[in-house]
Amino acid sequence: MIYQRCRWCGTASFRRMLCPVCASSDLASERSDGEGVVVQSSVVNRYTGTARNESLVRFPEGFVFRCRVVGASPHLVWVGARVRPVAGSDPETGEAVFELCETHTSVDW
């Protein structure tokens, strides 16, 4: 997964034309391993008849990105879950799709 790092202030961002901190356009492309941690998760039914998950994922490089998490029921994606890119998906050209690194088989009430 390719992201940008500002050459002026060092801020990491994803799919930006300008740095979100200093508004510099001097961004260098860097490669991420793609694994991150879910920091917010929600179930969305918008525009389709089926529910899907949309999550905010924080990456170790320092940026947060909204993506879709697959591989589990939408309501079973939890905050703190580790995710990785789905094989065959290309976040540069379309929607970023991730899958859970581990799944919980039971739900604690």
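Everything that follows concerns the structure shown earlier in this document.
As the structure is a computational prediction, the values presented were derived from the model and not from experiment.

Reading guide: rules and limits
- The numbers attached to residues start from 1 for each chain and follow its sequence in the written order.
- Reporting in this predicted model follows two pLDDT cut-offs: at least 70 for local features of residues, and 80 or more for side-chain atom pairs to be given and counted; totals over whole chains, interfaces and linings ignore these cut-offs and use all residues.
- Calculated side-chain values reflect all of the structure's heavy atoms, with hydrogen atoms and water omitted.
- For two strands to be treated as a pair, DSSP must find at least two bridges joining them.
- Think of it this way: any DSSP run of H or I at least four residues long counts as a helix, any run of E at least two long counts as a strand, and we number them from the N terminus.
- Cysteine sulfurs are considered disulfide-paired once they come within 2.5 Å of each other.
- Burial status follows relative accessibility: with a 1.4 Å probe on protein chains alone, a residue under 20% of its type maximum counts as buried, one over 50% as exposed, and anything between as partly exposed.
- The contact criterion used is simple: two residues touch if any of their non-hydrogen atoms lie within 4.5 Å.
- Side-chain atoms alone can form a polar contact between residues adjacent in sequence; in general such a contact is a pair of N or O atoms within 3.5 Å, and within protein one must be able to donate a hydrogen while the other accepts it.
- Aromatic pairing here means that ring centres of Phe, Tyr or Trp (its six-membered ring) are within 6.5 Å. Orientation follows from the plane angle: under 30 degrees is stacked, over 60 is edge-to-face, and everything else is tilted.

Caption draft 1: Examining the pairing of strand β8 (residues 97-100) more closely. Pairing geometry for strand β6 (residues 64-70) and β8, over three bridges, is parallel. Residue pairing in the sheet places Arg68 in a bridge with Val97 of β8. Relative to β8, strand β7 (residues 82-85) runs antiparallel, the two sharing three bridges. Bridging across to β8, Arg84 finds its partner in Glu99.

Caption draft 2: Inspection of the state of the cysteines at higher detail. Within this structure, the stated rule accounts for zero disulfides. Take Cys9: it sits in no disulfide, and the sulfur closest to it among the cysteines is that of Cys19, at 3.5 Å.

Caption draft 3: Here's a closer look at the environment of Arg82. Here Arg82 lies in strand β7. With relative accessibility at 39%, the residue Arg82 sits in the partly exposed group. Sequence-distant contacts of Arg82, defined by excluding residues within four places in its chain, comprise Glu35, Gly36, Val37, Glu99, Leu100, Cys101 and Glu102. At 2.5 Å, the side chain of Arg82 forms a polar contact with the side chain of Glu35.

Caption draft 4: Representation of the packing of aromatic side chains in the model. Under the defined criterion, the tally for this structure stands at five aromatic pairs. Seen in terms of ring centroids, Phe59 and Phe63 are 4.8 Å apart; in terms of plane orientation they differ by 25°. Their pairing is stacked. Phe63 carries the same exposure label as Phe59, and that label is buried. An aromatic cluster is defined as three or more aromatic residues linked by ring pairs; in this entry it consists of Tyr3, Phe14, Phe59, Phe63, Phe65 and Phe98.

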